[in-house]
Amino acid sequence: MERKTLSSLVLAFAAAALSSMPAASQSNEIVTRADVEFIALNPLRGDLSPKSGKLWGDIREDVSAGSLVTFLDGFQSPPHIHNITYRAVVISGEIHNDDPDAAKFWMEPGSFWTQPAGEVHITAAQGESPTIFLEILSGPYLVQPAEEEFDIGERPINIEARNIVWLDAADAAWVSQSDDAGSGAEMAFLWGKVQDDEKNGTFIKLPSGYNGEIRSDAPLLRAVTIQGKSTVQMFGEAEVHSLDPGSYFSSKGEAAHKVTCESGEDCILYMHTEGKYQLVSS
């Protein structure tokens, strides 16, 4: 099976940065990890079933959706396909997702992969509380027998966390450069296009102690905490929310959300936007 690398995608970051300060808040939403309620993805498997917790949308419906999925240590699925393509990021534990006959390739937290519709694969999990973030652009998300495989012309992408290509302010206009040596913040491009109003997925990495803003005039901005403990003060609101891994926030239209990284490790957020954003250090 063909496996692509991220390096061929890096050239997409020739986009100009946003510079204007937004003037009004619009349609903020926040779901902390503690708020997430889980249901069995396959109730027939009882306690052995992976469990799904809603961040937005509903993976059982024909809508875009983002969910947390948890597995038991030692879980392994039978060979199967999905009716739709999904993208996923490892939050905790280790995940293997590949051809049924492939050697185990354990992806650690911060790893990213895509699973095209119709492609036969298995999913396995190990470690403490294996958890992923799973995103679909349309549903419902179904698990179907391997015998029903089909080919849509796409191939899976597995990118282990250590192979993510990070860009700093010198390389990406979406990250600001401060007057001194820079904020240390970085980003990585994962999928999609960077033109105005086009859907895209990126990582942002905030060093420990970071303080800044995520500014956007995109029709839609979504952020999921993957690593580290961060905080967000949503634009137009006074409350500061603590975000453990698996927490989520979103907005529509012009916004400037204040973000910090309060853990002793880097904070990583997965960003889904319809258009551009800019990460601006304070």
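Sequence order as written defines residue numbering, which begins from 1 separately in each chain. At least 70 in pLDDT is required for a residue's local features to be given in this predicted model, at least 80 for side-chain atom pairs to be given and counted, and no such filter applies to totals for whole chains, interfaces and linings, which use all residues. Each side-chain value is worked out from all heavy atoms of the structure, with water and hydrogens disregarded.

A.B. asks: Sorry, what's going on with the overall build of the chain here?
C.D. replies: Strands are runs of DSSP state E lasting at least two residues, helices are runs of H or I lasting at least four, and both sets are numbered from the N terminus onward. Helix and strand counts for the chain come out as zero helices and 20 strands. Relative accessibility decides the category of a residue: with a 1.4 Å probe and only protein chains considered, values under 20% of the type maximum give buried, values over 50% give exposed, and everything between is partly exposed. Relative to its 282 residues, the chain shows a buried fraction of 51%. Contacts are residue-level and defined by heavy atoms, with any inter-residue pair within 4.5 Å sufficient. Taking the contacts inside the chain whose residues are at least 6 apart along the sequence as the reference set, 73% of them involve residues at least 24 apart.

A.B. asks: Please clarify how unusual backbone geometry should be interpreted in this entry.
C.D. replies: Leaving glycine out, the prevailing phi sign among residues is negative, and the prevailing peptide bond configuration is trans. Along the chain, G139 connects to P140 via a cis peptide bond; the corresponding omega equals 0°. Phi is positive for S129, close to 50°, though the residue is something other than glycine. With respect to the helices and strands, S129 occurs in strand β8 (residues 122-136). Residue classification places S129 among the partly exposed residues on the basis of a relative accessible area of 49%.

A.B. asks: Just checking my understanding: could you explain the sheet that holds strand β15 (residues 230-233) for this structure?
C.D. replies: The strands making up a sheet associate through hydrogen bonds between their backbones, and the pairing can be parallel or antiparallel. For two strands to be treated as a pair, DSSP must find at least two bridges joining them. Spatial ordering of the open sheet is given by β16-β15-β18-β13-β20, a layout of five strands whose pairing is antiparallel. Looking at the sheet topology across the chains shown, the edges are occupied by β16 (241-243) and β20 (277-281). Between one strand axis and the next, the sheet turns through 25° on average, direction left out of account. In this structure, strand β13 (residues 211-216) lies alongside strand β18 (residues 255-261), joined through six bridges in antiparallel fashion. Only C-alpha atoms enter the line fits that serve as axes; for helices the fit covers just the stretch in contact. Angles between N-to-C directions range over 0 to 180 degrees.

A.B. asks: How should the sheet that holds strand β4 (residues 65-70) be read in this particular structure?
C.D. replies: Taken together, the seven strands give an open sheet; going across it, the order is β2-β3-β4-β8-β6-β7-β10, and neighbouring strands pair in antiparallel fashion. Either end of the sheet is taken by a strand with one partner, and the two such strands are β2 (38-40) and β10 (157-159). Taking each pair of neighbouring strands and ignoring which way they run, the sheet shows an average axis angle of 25°. Relative to β8, strand β6 (residues 86-98) is paired through 10 bridges, and the arrangement is antiparallel. In the strand pairing of β8, V90 is matched with I132.

A.B. asks: Help me understand the pairing of β6 in this model?
C.D. replies: Where a strand is regular, its side chains alternate between the two sheet faces. Across the 13 residues of β6, 12 count as buried, placing the element largely inside the fold. Two strands pair when backbone bridges link them, and β6 and strand β7 (residues 112-115) are joined in this way by four bridges, in the antiparallel orientation. In the sheet register, Y86 faces β7, and the bridge partner there is Q115.

In short, the description is geometric, and any link to function would need to be established separately.
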